[in-house]
Amino acid sequence: MTDADSRLGATAGDAVAATVGVEEEFHLVDPVTGGLAPKARRIVRTPAEVQPELHRSQIETASRVHRDMDGLRRDLATRRGDLAGAARGLGLAIVSSGTVPASGTPADRVFPKPRYQWMAQEYRQLVDEQQVCACQIQIGVPDRDLAVRVARRIQGRLHVLLALSAGSPMFQNVDTGYASYRTVAISRWPTVGPLPALSGAKEYDELVGALVGSGVISDAGMIYFDARPSARYPTVEIRIADACPLLDDVILLAVLGRALVAAAAREDEAGQPLPDTRTVLLRAATWRAARSGLDGDLVDPLGGTAVPANRAVRALMDYLRPDLENHGDWQTANDLLRALLRRGTSAQRQRAVLKRGGSLTDVVDAVIRETETG
């Protein structure tokens, strides 16, 4: 979201989870070869409302703040259309997925911003291979102390959102065997994973200050926890999901993310104790979701058990039903979830192209079509 957009919705007077916004990251590719195209500098000069990302082969859009999902969908569709049109005008295409086959190859440099150049010098190979894209959901939580507690409360269920969004099976031009290899690629950064056991904004800010002071990160924006208080907005930012080619799946993530935040806030208001889930189980749940997606089992970090993926998804829906109904989103969530389960995740669809005898370029073609048509 831009600074102007932030004034449109999530303010101190808003109720928790009243507002939602989405930041989408895209790969820029050559539509003929399927390779990464380091042309972001040319894209930012077009009328499309975009922001540069870490690599020159990446670009980002950010929605305005919305209070209903229909408005959010229209906004995202317009931004995608504008970006796709700008890319076509330059002989390029956009792809919304966690990775493309060429991700992780030495194809381009970082975007020429001092912040990104510092990251490239400090993190070296990690930055070289950080050609990955996410879908980030921003849910309004005006109170920062509450935002920290909400982020802690929801993280035991975030792995299900990752499994639903899994769309990065290809990396360095091979099938990695993972449904979300993006998750593996980013896991090497020092500020990725579950939010530590913090009690409020003061402890969170002290942690961020210590990390900046240590020289390990340059600013609060380099905190990449699965869920965190936003560094810029009065929101909880859910960062665990892969970028999704289909807008239906983006809206499903937004609907479920808002309900998760609302449920966590209700539990907090009722005085329920903060979950004391062991970090290793949270990380195990994330790894399993990245490895298998919706194929096979997921890990329930709250109970420490393996659960069939379809049962884990249904358990999440049952848990969120009161808040989905409260926002008028229950039917929408059910319809979008049924459609996703019927067609499969992006990772499953990409692999289906290869199983039909297609090439890696055919995989990119398929994801371009989905991204452009939504």
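Everything here concerns the structure above.
Residues numbered from 1 in each chain as written. Predicted model: local features only at pLDDT ≥ 70, side-chain atom pairs only at ≥ 80, totals over all residues. Heavy atoms only, no water.

(A) Unusual backbone geometry, seen in detail. The phi angle at Q172 is positive, at roughly 50°, despite the residue not being glycine. We classify Q172 as partly exposed; its relative accessible area is 38%. In this structure, N173 takes a positive phi of about 65° despite not being glycine. Residue position: N173 is located in the loop between β6 (170–171) and β7 (174–175). (Buried < 20%, exposed > 50% of the residue type's maximum accessible area, 1.4 Å probe, protein only. Helix = DSSP H or I, 4+ residues; strand = E, 2+ residues; numbered from the N terminus.)

(B) Fine view of the pattern of salt bridges. Taken as a whole and judged by the stated rule, the model has 22 salt bridges. Here R73 and D248 are joined by a salt bridge, their closest N and O atoms 2.9 Å apart. Taken as a pair, R73 in helix α3 (residues 69–89) and D248 in helix α10 (residues 247–269) lie far apart in primary sequence, 175 residues in all. Bridged by salt links that share partners, the residues E49, D75 and R79 form one connected network. (Salt bridge = Lys/Arg side-chain N within 4 Å of Asp/Glu carboxyl O.)

(C) Structural view of the packing of aromatic side chains. Scanning the entire structure with this criterion turns up 6 aromatic pairs. Seen from their ring centres, Y178 and W287 are 6.2 Å apart, and the 85° between their planes marks the pair as edge-to-face. Of this pair, Y178 sits in the loop between β7 and α8 (181–186) while W287 is found in helix α11 (residues 279–292), placing the two residues 109 residues apart along the sequence. Accessibility expressed as a relative area gives 40% for W287, which makes it partly exposed. Put simply, the rings of W118, Y123, W189 and Y224 pair up and form one aromatic cluster. Its guanidinium or amino end placed over the ring of Y319, R157 lies 3.6 Å from that ring's centre, counting from NZ or CZ. Against the face of Y178 rests R291, its NZ or CZ located 5.7 Å from the ring centre. (Phe/Tyr/Trp six-rings, centres within 6.5 Å; stacked < 30°, edge-to-face > 60°. Lys NZ or Arg CZ within 6 Å of the ring centre and 35° of its normal.)

(D) Representation of the nonpolar core. Ranked by size, the top nonpolar core spans 98 residues in total, and within it I137, I154, L161, W189, L256 and L324 carry the most contacts. Top contributing element to this core by residue count: α10, with 15 residues. Sequence-distant contacts of L256, that is, excluding residues within four places in its chain, are made with L161, L164, L316, M317, L320, L324 and A333. (Core = buried A, V, L, I, M, F, W, Y, C linked by side-chain atoms within 4.5 Å. Contact = heavy atoms within 4.5 Å.)

(E) Focus on α11. The end-to-end C-alpha separation of α11 is 20 Å, in line with the 20 Å expected for 14 residues at 1.5 Å each. Within the span of α11, buried status applies to L281, L282, A285, T286, A289, A290 and S292. Check the buried side of α11 and you find it contacts α7 (158–165), α8, β11 (235–242) and β12 (297–300). One or two residues past the end of α11 sits G293, with phi positive at roughly 60°. (Expected span 1.5 Å × (residues − 1).)

(F) Spatial organisation of the side chain of R228. Of note, R228 is situated in strand β10 (residues 227–229). R228 has contacts with A151, Y204, A220, G221, I223, T235, V236, E237 and R239, leaving out every residue within four places of it along the chain.

(G) Structural detail: the packing of helix α6 (residues 144–154) against helix α9 (residues 201–214). Two elements in contact, α6 and α9, have axes whose closest approach is 8 Å; the angle formed by their N-to-C orientations is 80°. Accordingly, the angle class assigned to the pair α6 and α9 is roughly perpendicular. Of the residues in α9, those touching α6 at R144, D145 and V148 are A201, K202, Y204 and D205. Taken together, the residues that form the contact of α6 with α9 break down as 3 nonpolar, no polar and 4 charged. (Axes fitted to C-alpha atoms, helices over the stretch in contact; angles between N-to-C directions. Parallel < 35°, antiparallel > 145°, perpendicular 65-115°, else oblique. Nonpolar A, V, L, I, M, F, W, Y, C, P; charged D, E, K, R; others polar.)

(H) A look at a positive patch on the surface. Together, K39, R41, R42, R45 and R109 line one region of the surface with positive charge. Topologically, R42 is positioned in helix α2 (residues 40–43). (Patch = residues over 30% accessible without salt bridge, like charges linked within 9 Å, V, L, I, M, F, W, Y side chains within 5 Å. Areas by Shrake-Rupley, 256 points an atom, 1.4 Å probe, with all protein chains shown as cover. Lys, Arg positive; Asp, Glu negative; His and termini not counted. Charge placed at Lys NZ, Arg CZ, Asp CG, Glu CD.)

(I) Inspection of the layout of surface pockets at higher detail. Its volume calculated, the largest pocket comes out at about 940 Å³. E25, Q136, G221, Y224 and R239 are, among the 43 residues lining the largest pocket, the residues nearest its centre. Residues that form the lining of the largest pocket fall into these classes: 19 nonpolar, 10 polar and 14 charged. Taken as a whole, the second largest pocket holds about 220 Å³ of empty space. Along the walls of the second largest pocket sit 15 residues, with H159, D300, A312, A315 and L316 positioned nearest its centre. Elements that contribute at least two residues to the lining of the second largest pocket include exactly α7, β12 and α12 (309–326). When residues of the lining of the second largest pocket are assigned to their parent elements, the largest contribution, 5 residues, is made by α12. A per-class count over the lining of the second largest pocket returns 10 nonpolar, 2 polar and 3 charged. (1 Å grid on protein atoms, 1.4 Å probe; cavity = no way out; pocket = protein on both sides within 12 Å on 5 of 7 lines; lining within 4 Å. Points joined across faces, edges and corners; volume = space filled by probe spheres on them.)

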